[in-house]
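# Breakdown of the fold
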Amino acid sequence: MSLNDKTPDHHVAFGAANEGFAAASASLAVVGRYWWNLQMRLLAATGTIQFFKTHWWLFLIVGFLLLAFVVPLGLAFVVSAFCAGAMDPKAKNNFIVPLRQEDVVPTVHSNDEPLEGVAEQSHSEFLEDIQLAAGLHHVGYLRSIDRKVDDGEFSAAALGAFDGTVQAIGLKLSNLDMHTMGAAFIAGQLKDLGRMEEADPQWIADITIEAMTSGALEAIRLEASRVAYAMERAMQDGPAPYAG
């Protein structure tokens with residue numbers, strides 16, 4: 001098949017891959033989304049996409065398993081997922097995303113206006129700041145309950161703290177972004193606070209799914225979210241009612 005017989009998406013991805021070293025990061029994002037779309041089309045063709053539409057966390061399991069047993073494919077999958085996440089993949093579209101986008105600026109929930117100061121700050125730096133704030137709120141919550149928690153409670157509290165911080169800042173994230181970043185935040189807190197000496201992808205996947213879905217941990221997720229929300233709002237402009 002000649003180059004002219006390729007799909008329009010292929011031409012966009014091929015062109016992006018040849019834009020040169022100066023545009024390497026932008027090209028990687030486009031190629032990553034192209035690779036993501038190919039994977040989603042394969043899932044749709046085999047009929048397995050329905051499982052992922054019903055259970056989004058299957059993407060996490062696939063990523064962790066690939067990283068554990070087929071590292072190159074695992075890295076490619078994770079990179080493509082992060083690239084696609086910026087385009088807000090929708091289940092109704094079989095998670096297929098456009099290949100290109102303008103610069104993404106986080107917006108507030110209330111009036112969809114850009115967050116003050118974000119225009120001068122890169123998106124990645126802004127998200128790093130959110131994770132740092134959520135980490136402080138997570139530690140603050142754990143200290144406030146003043147008791148030992150098991151790994152499941154620790155992870156559920158981390159997820160709640162991340163969610164509450166995102167709400168307080170008013171950042172809009174897609175469901176996939178929220179789930180992916182939440183999982184990464186849990187893993188980071190487990191490592192940074194000495195709960196995990198060596199990365200075990202299967203254990204991380206299990207503990208993350210438990211933190212996100214367990215009814216028994218719902219109370220601690222909600223409580224940690226409320227505390228993080230209140231702490232973040234107080235740091236910004238004084239105490240405010242919880243929005244969750």
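Since the structure is predicted, the reported quantities are computational estimates derived from the model, not experimental observations. (Residues numbered from 1 in each chain as written. Predicted model: local features only at pLDDT ≥ 70, side-chain atom pairs only at ≥ 80, totals over all residues. Heavy atoms only, no water.)

## Some remarks on the overall build of the chain
- Check the secondary structure of the chain and you find ten helices and zero strands.
- Ordered by position in the sequence, the α and β elements of the chain form the string α-α-α-α-α-α-α-α-α-α.
- Within the chain, buried positions represent 40% of all 244 residues. (Helix = DSSP H or I, 4+ residues; strand = E, 2+ residues; numbered from the N terminus. Buried < 20%, exposed > 50% of the residue type's maximum accessible area, 1.4 Å probe, protein only.)

## Thoughts on the nonpolar core
- Formed by 33 residues in total, the largest nonpolar core has its most connected members in I130 and F162.
- Of all elements in the fold, only α4 (58–69), α6 (123–145), α7 (151–169), α8 (175–192), α9 (201–213) and α10 (218–237) reach the threshold of two or more residues within this core.
- Among residues more than four places away in sequence, those in contact with I130 are F162, T165, V166, I169 and L171.
- By size, the runner-up hydrophobic cluster in this structure holds twelve residues, among which are L43, F52, A81 and V97. (Core = buried A, V, L, I, M, F, W, Y, C linked by side-chain atoms within 4.5 Å. Contact = heavy atoms within 4.5 Å.)

## What to know about the pattern of salt bridges
- Throughout the structure, instances matching the rule amount to two salt bridges.
- Across the pair E153 and R147 runs a salt bridge whose closest N-O atoms are separated by 3.2 Å.
- Its relative accessible area of 19% is what places E153 among the buried residues.
- Given a relative accessible area of 45%, R147 falls into the partly exposed group.
- D151 is the partner of R195 in a salt bridge, and the nearest nitrogen-oxygen pair spans 2.9 Å. Residue R195 is located in the loop between α8 and α9, and its partner D151 is located in helix α7; the two are separated by 44 residues in the primary sequence.
- Overall, the relative accessible area of 25% leaves D151 in the partly exposed class. (Salt bridge = Lys/Arg side-chain N within 4 Å of Asp/Glu carboxyl O.)

## Digging into a negative patch on the surface
- On the surface, a cluster of negative charge is made up of D150, D200, D206 and E210.
- Counting through the fold element by element, D150 comes out in the loop between α6 and α7. (Patch = residues over 30% accessible without salt bridge, like charges linked within 9 Å, V, L, I, M, F, W, Y side chains within 5 Å. Areas by Shrake-Rupley, 256 points an atom, 1.4 Å probe, with all protein chains shown as cover. Lys, Arg positive; Asp, Glu negative; His and termini not counted. Charge placed at Lys NZ, Arg CZ, Asp CG, Glu CD.)

## Observations concerning α7
- In this model α7 runs 27 Å from its N-terminal to its C-terminal C-alpha over 19 residues, within 8% of the 27 Å that 1.5 Å per residue would give.
- Most of α7 is tucked away: 16 of the 19 residues are buried.
- Measuring from the side-chain oxygen of the N-cap residue of α7 to the backbone nitrogen of G152 gives 3.1 Å; that N-cap residue is D150.
- Where α7 terminates, the next one or two residues include G170, which has phi positive at roughly 85°. (Expected span 1.5 Å × (residues − 1). Polar contact = N/O pair within 3.5 Å; in protein donor to acceptor, adjacent residues only side chain to side chain.)

## Details of the environment of I96
- Tracing the sequence through the fold places I96 in the loop between α5 (71–85) and α6.
- C-alpha separation for the pair I96 and M40, spaced 56 residues apart in sequence, amounts to 6.5 Å.
- Every residue in contact with I96, bar those within four places of it in the chain, is listed here: N37, M40 and R41.

## Here we look at the packing of α4 against α9
- In the contact formed by α4 and α9, the axes pass within 9 Å of each other and the chain directions differ by 165°. Relative to α9, the element α4 lies roughly antiparallel. Classified by chirality, the crossing of α9 by α4 is right-handed. Counted together, L60, I61, F64, L65 and A68 of α4 and P201, Q202, I204, A205, T208, I209 and M212 of α9 form the full contact between these two elements.
- Within the contact of α4 with α9, the residues separate by chemical class into ten nonpolar, two polar and no charged. (Axes fitted to C-alpha atoms, helices over the stretch in contact; angles between N-to-C directions. Parallel < 35°, antiparallel > 145°, perpendicular 65-115°, else oblique. Left-handed = near helix turned anticlockwise from the far one by under 90°. Nonpolar A, V, L, I, M, F, W, Y, C, P; charged D, E, K, R; others polar.)

## A closer look at the packing of α4 against α5
- The contact between α4 and α5 brings their axes to 6 Å, and the two run at 145°. Of the two elements, α4 crosses α5, and the hand of that crossing is left-handed. Taking contact as the criterion, the partners of F59, V62, G63, L66, L67 and F69 in α4 are, on α5, V71, L73, G74, L75, F77 and V78.
- Residue classes in the contact of α4 with α5 are distributed as ten nonpolar, two polar and no charged.

## Some points on the confidence of the model for the chain
- Per-residue pLDDT for the chain averages 75, and the proportion of residues at 70 or more is 73%.
- Looking at the elements of the chain, mean pLDDT is at its lowest for helix α1 (residues 8–17), recorded as 52, and at its highest for α7, recorded as 92.
- Every residue in residues 17–24 scores below 50 in pLDDT, and together they form four contacts with partners more than four places removed in sequence or on other chains.
- Considering only residues more than four positions removed or in separate chains, one finds that residues 102–121, a stretch of pLDDT under 50, has 29 contacts. (pLDDT = per-residue confidence, 0-100.)

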